[in-house]
Amino acid sequence: MLSCFPSHFLPIFGRKCDCVMRYERKLRVLPKCLHCGEKIRYGRTDKKFCCEECRMQHHNEQARDSRAFRRRVLSQLSSNYNLLSMVLQTGADSILLADIVSMGFVPGVVTSYSRTGKHDEFGCFDIKYRMTATKLSSIIKIQNVSLNLHADLDSE
Ligand SMILES: [Zn+2]
């Protein structure tokens, strides 16, 4: 402590003494590695990873999470599609939302949505239906479905 006064610079070497440098290092808020959480002590202040391995692992994990998410959505779409097909096979074109949800239908997973007049019309691939807070109705399988997705987008 006494060695720091009166000047914070050691006159002989013309540089800051060790305790001032330690203090300044403590003051600087070091960014943390987005992968391992370690403080990043070297490099630019906007550096996000402590090393190349962490950077690669982080990006690999993100890609893996993204693939897993897509797989879950596709799986749920497939499940929704099977349930809607089942309703159609019974000859009905409507079902209570609570009933189909109890079978595993997830209302928020759809492949299309449009507002036609007063109705919210949803799609699960080539099956279209209207959905309210309590009911799915006008369930219909579109015949001769076209894969011209751009034409669909243009018509809106
Ligand atoms: Zn790291």
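Structure: see above.
Residues numbered from 1 in each chain as written. Predicted model: local features only at pLDDT ≥ 70, side-chain atom pairs only at ≥ 80, totals over all residues.

1. Observations concerning the pairing of strand β7 (residues 135–141)
Thought 1: With two bridges joining them, strand β3 (residues 95–96) and β7 adopt antiparallel strand pairing. Each residue of the ladder has a partner; that of Leu96, found in β7, is Lys135.
Thought 2: Pairing analysis gives four bridges linking strand β6 (residues 127–131) to β7, with the strands arranged antiparallel. Residue pairing in the sheet places Ile127 in a bridge with Lys141 of β7.
Thought 3: Counted between consecutive antiparallel strands, the loop separating β6 from β7 contains three residues. (Pairing = 2+ DSSP bridges. Helix = DSSP H or I, 4+ residues; strand = E, 2+ residues; numbered from the N terminus.)

2. Brief notes about unusual backbone geometry
Thought 1: The backbone phi angle of Phe125 is positive, close to 55°, even though this residue is not glycine.
Thought 2: By the secondary structure assignment, Phe125 is in the loop between β5 (119–124) and β6.
Thought 3: Phe125 sits in the partly exposed class, given 17 other C-beta atoms within 10 Å.
Thought 4: The phi dihedral of Ser138 falls on the positive side, at around 50°, and the residue is not glycine.
Thought 5: Tracing the sequence through the fold places Ser138 in strand β7.
Thought 6: Owing to 12 C-beta atoms within 10 Å, Ser138 belongs among the exposed residues under this scheme. (Buried ≥ 20, exposed ≤ 12 C-beta atoms within 10 Å, placed from the backbone.)

3. Considering the sheet that holds β6
Thought 1: One open sheet holds the five strands; their spatial order is β3-β7-β6-β5-β4, and the pairing between them is antiparallel. The open sheet has two edge strands with one neighbour each: β3 and β4 (112–116).
Thought 2: Here five bridges tie β4 to β5, and the two strands are oriented antiparallel to one another. Residue pairing for β5: Ser112 is matched across the bridge by Gly123.

4. Some words on helix α2 (residues 52–89)
Thought 1: Compared with an ideal rise of 1.5 Å per residue, which puts 38 residues at 56 Å, α2 spans 55 Å between its outermost C-alpha atoms and is within 8% of the ideal.
Thought 2: Of all the positions in α2, only Asn80, Leu83, Leu84 and Val87 are classed as buried.
Thought 3: Next to the buried residues of α2 lie β3, α3 (97–102), β5, β6 and β7.
Thought 4: Of the residues flanking the end of α2, it is Gly91, one or two places downstream, whose phi is positive at about 90°. (Expected span 1.5 Å × (residues − 1). Contact = placed C-beta atoms within 7 Å.)

5. Examining the environment of Ala133
Thought 1: Locating Ala133 in the fold gives a position in the loop between β6 and β7.
Thought 2: The class for Ala133 is exposed, based on 6 C-beta atoms found within 10 Å.
Thought 3: As for Ala133 and Pro107, which are separated by 26 residues in sequence, their C-alpha atoms are 9.9 Å apart.

6. Regarding the nonpolar core
For soluble globular proteins, the rule of thumb is that nonpolar side chains tend to be buried together.
Thought 1: Membership of the largest hydrophobic core is limited to 12 residues, which are Leu83, Leu84, Val87, Ile95, Ile100, Phe105, Phe122, Cys124, Ile127, Tyr129, Leu136 and Ile139.
Thought 2: Secondary structure elements with two or more residues in this core: α2, β5, β6 and β7.
Thought 3: By residue number, the principal contributor to this core is α2, which donates three residues.
Thought 4: For Ile95, the residues in contact, after removing those within four places along its chain, are Val87, Ile100 and Leu136. (Core = buried A, V, L, I, M, F, W, Y, C linked by C-beta atoms within 7 Å.)

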